[in-house]
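Observations on the three-dimensional arrangement
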Number of protein chains: 2
Amino acid sequence: MTGQQDMNAKDLRRGSSSEAVELPEGERPTLKTIAFMAGLGVTTVSRALKDAPEIGRATKNRVQLIAKQIGYRPNRAGVRLRTGKTNVISLVLNAQSEIMGLTSNMVYGISEILSQTPYHLTVTPYSAENDPMQPIRYIVETGSADGIIMSRTEPDDARVRYLTEHGIPFATHGRTEMGIEHPFHDFDNEAFAYKSARSLLIKGRKKIAMMAGPTSAVTYHRHLERGFSRAIEEGGAQAILVPDIDVDTSLGRIRDRTEEIMSGQNRPDGIVCCSGSAAIALVAGIEAAGLKIGRDVDLVSKQSSDVLKWFRPEIIVFNEDVRHAGRELARAVLRRIEGVDARELQSLSYPDE
Amino acid sequence: MTGQQDMNAKDLRRGSSSEAVELPEGERPTLKTIAFMAGLGVTTVSRALKDAPEIGRATKNRVQLIAKQIGYRPNRAGVRLRTGKTNVISLVLNAQSEIMGLTSNMVYGISEILSQTPYHLTVTPYSAENDPMQPIRYIVETGSADGIIMSRTEPDDARVRYLTEHGIPFATHGRTEMGIEHPFHDFDNEAFAYKSARSLLIKGRKKIAMMAGPTSAVTYHRHLERGFSRAIEEGGAQAILVPDIDVDTSLGRIRDRTEEIMSGQNRPDGIVCCSGSAAIALVAGIEAAGLKIGRDVDLVSKQSSDVLKWFRPEIIVFNEDVRHAGRELARAVLRRIEGVDARELQSLSYPDE
DNA sequence: TCCCAAATCTGAAACGTTACAGGTAGGCTA
DNA sequence: TAGCCTACCTGTAACGTTTCAGATTTGGGA
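Residues numbered from 1 in each chain as written. Chains lettered and ligands numbered in written order. Predicted model: local features only at pLDDT ≥ 70, side-chain atom pairs only at ≥ 80, totals over all residues. Heavy atoms only, no water.

Quick word on unusual backbone geometry
All names here are of chain B. Unlike most non-glycine residues, N87 shows phi in positive territory, near 60°. For N87, the position within the fold is in the loop between α5 (76-83) and β1 (88-94). Since its relative accessible area comes to 13%, N87 is described here as buried. Look at R152: it is not a glycine, yet its phi comes out positive at around 55°. Take R152: it is sitting in the loop between β3 (147-150) and α8 (158-166). (Helix = DSSP H or I, 4+ residues; strand = E, 2+ residues; numbered from the N terminus. Buried < 20%, exposed > 50% of the residue type's maximum accessible area, 1.4 Å probe, protein only.)

Focus: the relation of the copies chain B and chain A
Least-squares fitting of chain B to chain A yields an RMSD of 0.0 Å, with the superposition described by an axial translation of 0.0 Å and a rotation of 180°. The relationship between the two copies is best expressed as a two-fold rotation axis. Relative to the rotation axis, the closest C-alpha in chain B is found at B:T122, a distance of 2.0 Å. Here 100% of the interface residues in chain B have copies in chain A that are interface residues too; the copies meet face to matching face. (Least-squares fit on C-alpha atoms with pLDDT ≥ 70 in both. Contact = heavy atoms within 4.5 Å.)

Re the environment of B:W310
Positionally, B:W310 belongs in the loop between β9 (298-303) and β10 (316-319). Sequence separation between B:W310 and B:Q265 is 45 residues; the distance between their C-alpha atoms is 32 Å. When near neighbours in sequence (up to four residues on either side) are disregarded, B:W310 contacts A:L251, A:G252, A:R255, A:I280, A:A281 and A:A284.

Some words on the protein's contact with DNA strand C
Residues in close proximity to DNA strand C total 27 residues, the closest being A:S46, A:Y72, A:R82, B:T44 and B:T59. Atoms of DNA strand C within 4 Å of the protein belong to the sugar or the phosphate in 58% of instances, the rest to bases. Taking B:T59, its side chain carries an N or O atom lying 2.6 Å from a phosphate oxygen of DNA strand C. For the surface near DNA strand C, the elements supplying multiple residues, two or more each, are α3 (42-49) and α5 (76-83) of chain A together with α1 (2-16), α3 (42-49) and α5 of chain B. Top element by residues in the surface near DNA strand C is α5(A). It accounts for 4 residues. A per-class count over the surface near DNA strand C returns 7 nonpolar, 12 polar and 8 charged. (Near = heavy atom within 4 Å. Polar contact = N/O pair within 3.5 Å; in protein donor to acceptor, adjacent residues only side chain to side chain. Nonpolar A, V, L, I, M, F, W, Y, C, P; charged D, E, K, R; others polar.)

Here we look at the protein's contact with DNA strand D
Around DNA strand D, the surrounding shell holds 27 residues, and the nearest of these are A:T44, A:T59, B:S46, B:Y72 and B:R82. Take the atoms of DNA strand D that sit within 4 Å of the protein: sugar and phosphate atoms are 59% of them. Within the contact set of DNA strand D, a base oxygen lies 3.0 Å away from a side-chain nitrogen or oxygen of A:R47. The contact in question runs from a phosphate oxygen of DNA strand D to an N or O atom on the side chain of B:Y72, over 2.4 Å. For the surface near DNA strand D, the secondary-structure elements that each account for two or more residues are α1 (2-16), α3 and α5 of chain A together with α3 and α5 of chain B. Per element, the largest residue contribution to the surface near DNA strand D is 4 residues, and it comes from α5(B).

Re the packing of helix α11 (residues 251-263) of chain A against helix α12 (residues 276-288) of chain A
Residue and element names in this part refer to chain A. As a packed pair, α11 and α12 sit with axes 7 Å apart at the nearest point and diverge in direction by 40°. Viewed along their axes, α11 and α12 adopt a mutual orientation that is oblique. Read as a crossing pair, α11 and α12 show a hand that is right-handed. Between α11 and α12, the residues in contact are L251, I254, R255, T258, E259 and M262 and S277, A278, A281, L282, A284, G285, I286 and A288, respectively. Class assignment for the residues of the contact of α11 with α12 results in 9 nonpolar, 3 polar and 2 charged. (Axes fitted to C-alpha atoms, helices over the stretch in contact; angles between N-to-C directions. Parallel < 35°, antiparallel > 145°, perpendicular 65-115°, else oblique. Left-handed = near helix turned anticlockwise from the far one by under 90°.)

Side note on the packing of aromatic side chains
Residues and elements named next belong to chain A. Under the criterion given, the structure shown has 5 aromatic pairs over all chains. On the basis of an interplanar angle of 50° and a centroid distance of 6.3 Å, the ring pair of F187 and F192 is categorised as tilted. On the numbers, 5.8 Å between centres and 80° between planes, the contact of F192 with F318 is edge-to-face. On the criterion of sequence distance, the pair formed by F192 in helix α9 (residues 189-202) and F318 in strand β10 (residues 316-319) is long-range, its members being 126 residues apart. (Phe/Tyr/Trp six-rings, centres within 6.5 Å; stacked < 30°, edge-to-face > 60°.)

Things to note about the pattern of salt bridges
Across all of its chains, the model carries 52 salt bridges over all chains by this definition. For B:E112, the salt bridge goes to B:R323, with nearest N and O atoms at 2.9 Å. Residue B:E112 is found in helix α6 (residues 102-114), and its partner B:R323 is found in helix α13 (residues 322-337); the two are separated by 211 residues along the sequence. Where B:D296 meets B:R295, a salt bridge forms, and the shortest distance between an N and an O atom there is 2.8 Å. For B:D296, a relative accessible area of 16% translates into the label buried. Via salt bridges that share partners, A:E177, A:E190, A:R222, A:R226 and A:R230 belong to a single interconnected network. (Salt bridge = Lys/Arg side-chain N within 4 Å of Asp/Glu carboxyl O.)

Side note on the interface of chain B and chain A
Listed as interface residues are 42 residues of chain B and, on the opposing side, 42 residues of chain A. The contact between chain B and chain A buries some 3800 Å² in all, and 65% of this surface belongs to carbon and sulfur atoms. For chain B, the biggest contributors to the area lost against chain A are B:Y108, B:W310 and B:R312; these three give 18% of the whole. When the shortest N-O distance is used, the salt bridge between B:E141 and A:R73 registers 3.7 Å. Seen at the junction of chain B and chain A, the total is 11 residue pairs in polar contact (both at pLDDT 80 or more). Each residue belonging to the side of chain B that touches chain A can be placed in one class, and the counts come to 18 nonpolar, 13 polar and 11 charged. (Buried area = accessible area lost by both parts, 1.4 Å probe.)

Quick notes on the side chain of B:R255
By the secondary structure assignment, B:R255 is in helix α11 (residues 251-263). Ignoring sequence-local partners within four residues, the contact set of B:R255 consists of A:W310, B:A281, B:A284, B:G285 and B:A288.

Overview of helix α10 (residues 219-235) of chain B
All names here are of chain B. Taking 1.5 Å of rise per residue, the 17 residues of α10 would be expected to cover 24 Å, and the 25 Å separating its terminal C-alpha atoms lies within 8% of that figure. Taken together, the buried positions of α10 are occupied by T219, Y220, H221, H223, L224, G227, F228, A231 and I232. Packing partners of the buried residues in α10 comprise β5 (184-187), α9 (189-202), β6 (207-211), β7 (238-240) and β8 (270-273). In the stretch just after α10, G236 is the one whose phi turns positive, near 60°. (Expected span 1.5 Å × (residues − 1).)

Some details on α9(B)
All names here are of chain B. Its 14 residues place the ends of α9 20 Å apart at the C-alpha level, agreeing with the 20 Å of an ideal helix rising 1.5 Å per residue. Where burial is concerned, most of α9 is hidden: 11 out of the 14 residues are buried. For α9, the full list of buried residues reads N189, E190, A191, F192, A193, Y194, S196, A197, S199, L200 and L201. Those residues of α9 that are buried are in contact with β5, β6, α10, β8, β9 and β10. Here α9 starts with a cap whose side-chain oxygen sits 3.2 Å from the backbone nitrogen of E190, and that cap is D188. At the C-terminal side of α9, G204 shows a positive phi close to 90°.

So, in structure tokens, the structure goes:
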């Protein structure tokens, strides 16, 4: 009864004030729309929708029902302006380093998780010429995301330091070595390199080379080297160093350089490669040198799509599930935003044959 | 002089009113900050920053200088709330159809253009199980983007119709056939199929098959068929139909099916393929059937990364520059948002050997 | 001298949301 | 009966921007 009277009183009050509230408006419904329909104040509606304790059970149910019925969705700009919360996760990527499907799978993995939340995903690539800090600084200065996911993590990563200092939630694809605990997901490249080298040793290969990550700059390069060296030492084999090409090198250059090396004196009889597309260029170089995979040399590669599986001649392949990495990273930033301790948001995935 | 006096008067007035404006605030500068510094009203500052005609030259210069000095950037939420303009372009993608680097290159191409504008890029993948309309509807209903870029365009595309009716700017990767003029960028798949088939005919191939786009659903499938048929007819060759596999088929299935076909009676001696990764699976199938590329059968493929260039055995390759497509599409939506006529925003790119 | 127009500038209101600081009604205690 | 607590609800202000409807000043013409 009282409620009903209130509502009428309110209608009148509203109607007489400047703007008349038309109910079946073609516009998007707002809190005001619901408030009018329910005969309540917008404050109450706002609280009812987020299950605040000071609102009665019955009212909550009624408000939530109306909201669902008319398809209410909070206006992001309103929320963002008022609270500063953007509901955006930003993926910061290096535009150069595209290891066959890496970016796409990462994006899809992240989206899988975000699609069940109010979060949107924005993608911010930066080119190699630019400072990797630039997009990060932009996001922080303009407050354009609640959390950041980034790759190409370095042992001493300026971005990690900066974001930690500013208290911005983030997760990295790859680990750091700077004594700062932060959320990450990493593929166990040490295990991959170890297993890869082992599989070559088992085939009787004795002079083994590795095509690693962007030299030393990126942390996983160190992991690869660690696993690789361990296997080499254990197997009493010889490591052949090829420091002048890495995953970032153009495929043409990789092919040419491989041909050179494979035509040289001390050529490897086994190669560990950590990128699917580079592997294809390697094969081209090897064959250009007149050698045959499986006979003169064996090749093990990591891949992040399943293309290499069908590649002939046969390459031993370990899979890195980047989509899974995307899911893990998304989950990690979200939970970090919720305040979960960074140490609980660190995960590793293992090479899968 | 007068200016100076005004400023003092204003400072005083402000200072005495409720909120004291502290200058060296650690917060992000807003219009109010500039207004205070310049001794002007926020309205004037807002107008001065966008070169409105009713503001004096001197004032504009002064305001713009201050803005630059203190690194002012408009608050997106404020603008969005007030004007409804999001400064967001949304890329809507099918998560399944990853034709080797397509997504990444598209994203990078778009970003290249957007990075010089106030626009951000959000990515919204949808899975094959879901209705392709769903993300589109979401964007329109929540007003979460000023423009949309989408791929997998169909001859009669519900999304195109919906967006056109709602007056939302968009650009498609691929053409429609529904009599609606809209911005698009397309790779000339007809020319590609024609040239590809021609190159096989020139090698003396007479029974030619094609691995086309997702059957008939997507427009470019028709273009491929048109170009293909034309070449076949002109060359008096025989087209071998393989309707049960297409680019969306899993690589494993493509390989197996290819082996079947190539082991059969009426096997093709030339194949046109429109996806790089599918080509690799094709080769696997061909070799599994005991045949040799270059001797028993020739293969022409489209590719969107340069991986196939180094693939052995040698495949004839035409390049589709998806990054360029991304740039074109981004430019198209932006100009469409500015109100440019759709017919001026339609472009085609040609196969490049 | 007065009036008008042009050139500049102005405050208030509004977009949709949440936080703050209450307000009211009803029931319970003393 | 008074006083107080609890449960529930409320209006106002604020986030930063742009739009609206003026306000003020200046210069010039009559």
